[in-house]
Amino acid sequence: MNREPSARGGLGSVRAVYLVARREFVTRVRGKVFVIGTALTVGLLAVYAILQITVFDKLNTTTTYHLAFTAQAERLIAPLEASGPSLGFRVQATQVSNQAAAEPEVRGGAYDALVTGDPTSPLVVVKTQIDSTLRAALDGVVRQEALDAQLRAAGLNPAAVEAQVRGASIHLDTLQPFNAKNLQQPIIGMIIAFCLYLFISLYGTIIAQGVVAEKASRVVELLLAAVRSGQLLFGKVLGIGLVGVLQLAIIGGAGLALTVPTHILSLPGAALGTVLLGLLWFALGFVLYSLMLASTASLVSRVEEVGPASLPVTMVMVLAWLLAYVVFIPDITAASGGPTPAPGIENLSTIASLIPVFSPVLMPIRLAYGDAPLWQSALAVLLTLSSIAGVTWAGARVYANSVLRFGARIKLSQALRRVA
Amino acid sequence: MVDRLLEVDRLAKRYGAVAALDELSFEVGPGEIFGFVGPNGAGKTTTMRIILGVLAADSGGVRWAGEPITFADRRRIGYMPEERGLYPSMGVTEQLVFLGELHGMTRDGARAAAAAWLERLGVAGRGAEQLQRLSHGNQQRVQLVAALLHSPEALVLDEPFAGLDPVAVDAMSEVLRDRASSGMTVIFSSHQLELVEQLCDRVGIIRAGRMVACGTVDDLRHSGPERLWVDVPSAPDGWGAELPGAGLVRAEGSRRLFELSPGIDDQGLLRAALKTGPVREFRKDVPSLAELFRQAMNEEAVA
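> Would you mind showing me how to read unusual backbone geometry here?
Trans peptide bonds make up most of the peptide bonds, and negative phi angles are found at most residues other than glycine. The backbone phi angle of Arg218(A) is positive, close to 65°, even though this residue is not glycine. Mapped onto the elements, Arg218(A) comes out in the loop between α8 (180–216) and α9 (219–224).

> Could you clarify how one ought to interpret the interface of chain B and chain A in this entry?
If you look at the interface, chain B gives 27 residues, while chain A gives 23 residues. For the side of chain B that touches chain A, the elements supplying multiple residues, two or more each, are α2 (71–74) and α3 (92–102) of chain B. For the side of chain B that touches chain A, the leading source of residues is α3(B), giving 4 residues. Taken together, the residues of the side of chain B that touches chain A break down into 18 nonpolar, 4 polar and 5 charged.

> So what exactly am I meant to see when it comes to the environment of Pro68(B) here?
All names here are of chain B. With respect to the element layout, Pro 68 can be found in strand β5 (residues 67–68). Judged by local crowding, Pro 68 falls into the exposed class, with 11 C-beta atoms found within 10 Å. With 61 residues separating them along the chain, Pro 68 and Glu 7 place their C-alpha atoms 9.2 Å apart. Discounting chain neighbours no more than four positions away, the residues touching Pro 68 are Gly 61 and Arg 63.

> What should I look at first to understand the sheet that holds strand β2 (residues 89–95) of chain A in this one?
What holds strands together in a sheet is hydrogen bonding between their backbones, with the strands either parallel or antiparallel. Residue and element names in this part refer to chain A. An order of β2-β1-β3-β4 is seen for the 4 strands of this open sheet, with the pairing classed as mixed. Every other strand in the sheet has two partners, leaving β2 and β4 (123–125) as the edge strands with one partner each. Each adjacent strand pair in this sheet contributes to an overall mean axis angle of 30°, direction not counted. Here helix α4 (residues 77–87) sits on the sheet and contacts β1 (63–69) and β2; the angle it forms with β2, its principal contact strand, is near 160°.

> Looking at this structure, how should I read the packing of helix α2 (residues 13–30) of chain A against α3(B)?
Angle between the axes and distance between the axes are the two parameters that describe a pair of packed helices. Packing of α2(A) against α3(B) brings their axes to within 10 Å, and their N-to-C directions diverge by 165°. Between α2(A) and α3(B), the interaxial angle falls into the category roughly antiparallel. The two elements α2(A) and α3(B) meet at a crossing, and its hand is left-handed. Packed against α2(A), whose contacting residues are Ala16(A), Leu19(A) and Arg23(A), the element α3(B) presents Phe98(B), Glu101(B) and Leu102(B) at the interface.

> What exactly am I supposed to notice about the environment of Gly240(B) here?
Residue and element names in this part refer to chain B. By the secondary structure assignment, Gly 240 is in the loop between β11 (227–231) and β12 (246–252). For Gly 240, a count of 22 C-beta atoms within 10 Å gives the class buried. For Gly 240 and Val 212, which are 28 residues apart along the polypeptide, the C-alpha to C-alpha distance reads 33 Å. Every residue in contact with Gly 240, bar those within four places of it in the chain, is listed here: Leu 248, Arg 256 and Phe 258.

> Just to check I follow, could you spell out the nonpolar core for this structure?
Generally speaking, soluble globular proteins have nonpolar side chains that are buried together. Core analysis: the biggest nonpolar cluster contains 145 residues, and Val145(B) and Val156(B) have the highest contact counts within it. Among all residues touching Val156(B), those that are not within four sequence positions of it are Met48(B), Ile51(B), Leu52(B), Ile77(B), Tyr79(B) and Ile187(B). Phe69(A), Val96(A), Ala137(A) and Leu138(A) belong to the second-largest nonpolar core, a separate cluster that totals 19 residues.

> How should I be thinking about the domain arrangement of chain B in this particular structure?
Accessible area lost when the parts come together is the quantity often used to give the size of an interface. Here chain B is described as being made up of domain 1 (6–220) and domain 2 (227–286). Domain 1 of chain B and domain 2 of chain B are separated by 45 Å when their C-alpha centres are compared.

> Please clarify how helix α6 (residues 132–153) of chain A should be interpreted in this entry.
One turn of the α-helix equals 3.6 residues, which is why residues spaced by three or four share an orientation. Residues and elements named next belong to chain A. Taking 1.5 Å as the rise per residue, α6 with 22 residues should run 32 Å; its terminal C-alpha atoms sit 31 Å apart, in good agreement. Among the residues of α6, Leu 134, Ala 137, Leu 138, Val 141, Val 142, Glu 145 and Asp 148 are the ones counted as buried. Summarising the axial view, the buried residues of α6 lie within an arc of 125°, below the 170-degree limit, and thus occupy one face. Looking at α6, the residues exposed on the side facing more than 90 degrees away from the buried face are Ser 132, Asp 139, Arg 143, Gln 150 and Ala 153. Where α6 terminates, the next one or two residues include Gly 155, which has phi positive at roughly 80°.

> Looking at this structure, how should I read the sheet that holds strand β14 (residues 281–284) of chain B?
All names here are of chain B. The strand order β12-β13-β11-β14 describes an open sheet built from 4 strands, whose pairing is antiparallel. Looking at the sheet topology across the chains shown, the edges are occupied by β12 and β14. Mean inter-strand twist for the sheet, computed between neighbouring axes without regard to direction, equals 20°. Here 6 bridges tie β12 to strand β13 (residues 255–260), and the two strands are oriented antiparallel to one another. What sits directly across from Leu 248, in β13, is Phe 258. In the packing of helix α9 (residues 266–274) onto the sheet, contacts are made with β11, β12, β13 and β14, and the angle to β11 comes to roughly 15°.

Parameters and conventions
Residues numbered from 1 in each chain as written. Chains lettered and ligands numbered in written order. Predicted model: local features only at pLDDT ≥ 70, side-chain atom pairs only at ≥ 80, totals over all residues. Helix = DSSP H or I, 4+ residues; strand = E, 2+ residues; numbered from the N terminus. Contact = placed C-beta atoms within 7 Å. Nonpolar A, V, L, I, M, F, W, Y, C, P; charged D, E, K, R; others polar. Buried ≥ 20, exposed ≤ 12 C-beta atoms within 10 Å, placed from the backbone. Pairing = 2+ DSSP bridges. Axes fitted to C-alpha atoms, helices over the stretch in contact; angles between N-to-C directions. Parallel < 35°, antiparallel > 145°, perpendicular 65-115°, else oblique. Left-handed = near helix turned anticlockwise from the far one by under 90°. Core = buried A, V, L, I, M, F, W, Y, C linked by C-beta atoms within 7 Å. Domains from an automatic or database assignment. Expected span 1.5 Å × (residues − 1). Arc of directions from axis to C-beta.

Next comes the structure, spelled out in structure tokens:
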């Protein structure tokens with residue numbers, strides 16, 4: 001036989017993983033689930049943004065009062081206008097010659113109110129009733145006017161008195177200062193951890209189902225004759241992971257495009273570093289958990305059995321999440337002025353965040369917090385990467401031992417023992 | 001064998017207490033069509049899976065061109081698993097191209113080969129459709145294309161004829177003969193023994209994980225004791241029961257089947273027959289593969 005060395009090399013690992021990942025990506029992105037799911041989400045976002053602009057914003061807009069003033073009461077216009085912004089109204093003032101001339105227009109609705117007479121006790125004419133905000137504002141202005149009149153009568157300069165009064169204040173000594181930044185960052189960390197949890201739940205499940213579907217359609221036997229089980233496993237995780245990233249990018253991008261111009265949400269610029277580091281952990285966490293989910297899924301033969309089979313993995317994920325609450329909620333409370341956490345909790349968070357299955361959830365929070373030293377961060381990344389390698393190895397073994405066995409669920413220990 | 005492309009050497013595999021393969025050995029040369037027959041559960045599928053590396057043997061090995069088979073070697077085998085399997089909701093051409101690429105082809109090369117094979121097997125024009133929209137027979141043709149696409153040096157086909165109509169059987173046989181004549185080695189298993197007899201250069205009969213007979217169809221058919229049919233219409237009823245060196249197997253009307261003892265010349269039997277009067281028929285009884293198969297199964301069952 002001719003055995004030319006060039007042909008014996010075969011397919012490289014990278015190419016095998018790429019081909020598997022590309023197939024997953026292309027077929028899923030074209031699939032109904034992806035197209036409809038993404039379009040629906042973006043559509044919902046758009047509806048929300050449109051509602052925000054057309055309905056909700058309208059609810060908050062400042063009202064404008066059309067007021068008529070006689071010459072005597074005109075002095076009230078300036079202080080009334082000044083109090084407008086804080087109470088949420090604007091004043092459109094019109095001068096009228098006398099009460100009798102303006103009354104028909106009040107009755108007709110052209111003016112909300114007519115103000116006439118002595119500024120310290122003016123007469124206000126309205127059609128049926130006076131708006132409570134307008135009444136409060138007018139009362140305030142009139143009281144100030146009365147106070148000024150009294151001050152002047154006592155020989156004092158009202159402006160000087162007001163300046164003195166305004167200058168007086170308490171002196172504050174904060175024992176545990178509230179720091180908005182300290183609160184914002186762990187919350188962003190929590191959000192990233194929660195997104196990771198959602199993302200893994202959604203796309204990890206899709207990967208697990210894909211593994212079982214390949215097993216159920218028996219195509220896996222043909223694939224394993226051409227690629228190694230580890231390559232198949234990794235390609236699947238990568239391809240479907242990228243589908244998730246694309247979907248997230250489309251929805252996130254659309255969300256930002258819709259919300260930032262409408263001021264529904266603003267991006268905290270200072271948190272960008274946190275977000276980027278969070279994304280690194282996001283990727284690591286997704287790969288680690290997906291590999292575990294895919295391996296456990298290969299133990300069963302039917303899609304309905306995926307849930308129970310992957311329960312241990314899901315439980316670890318939930319545990320990580322619970323830890324995040326137990327460990328970090330007290331810290332967040334402390335940052336916003338609550339009691340300081342017990343010192344033991346801090347050690348727990350440090351140790352837990354170094355354990356690979358917990359790192360992807362806990363590390364983003366600690367990073368956001370700024371309480372993780374660089375060496376701990378680096379160590380956690382290293383440990384997680386090596387467990388990804390370990391899980392790929394063990395997963396490939398479980399996969400190879402299970403995917404060709406149909407019917408009853410295979411025990412994990414059994415799948416690990418047999419070498420294929 | 002002058003030239004061995006694929007050798008299966010004393011393979012053993014147990015599933016718990018059951019021995020699926022028990023020191024199974026055979027070899028196949030380039031351009032040869034090897035038929036693999038045996039009852040269900042005899043170990044044919046297990047053997048093929050081990051050849052393709054999707055299962056591991058407990059002991060023994062597979063050699064490719066004289067050396068232990070490698071992962072790269074296996075990519076040069078076209079495989080049709082017993083459990084047919086392709087992606088049901090993926091396009092026909094699309095998944096063929098994917099499988100071709102997994103076997104090291106370029107995208108364009110795989111596309112061209114897929115088109116050519118689909119055309120040849122009469123499923124051209126269905127390439128853009130989802131596989132699940134095709135009939136069972138057409139899906140099977142696509143499955144064969146998946147095995148042939150990357151111009152493998154050897155084909156390993158597990159029950160390629162199962163469930164095919166006669167036209168499809170002819171098309172598939174034609175392709176296998178053609179490939180073998182251009183040097184491709186073909187191993188296939190089948191329960192259709194007439195087909196195996198027609199197609200195969202050599203046959204292996206396997207039972208309970210052991211090879212019970214292996215050789216060319218002619219060798220196997222002539223390997224047993226010599227049997228002869230003799231038609232002697234004038235012979236008395238009890239004739240033939242006590243002839244030296246020739247045992248009477250059975251009688252059907254005036255025809256009698258004899259089994260000659262080893263080393264006995266058939267001319268002695270002819271002379272004895274002629275003494276009874278005219279001899280209308282005197283011919284060797286060569287068992288068909290189906291008969292050999294049944295014999296092999298029975299012998300094993302008795303033993």
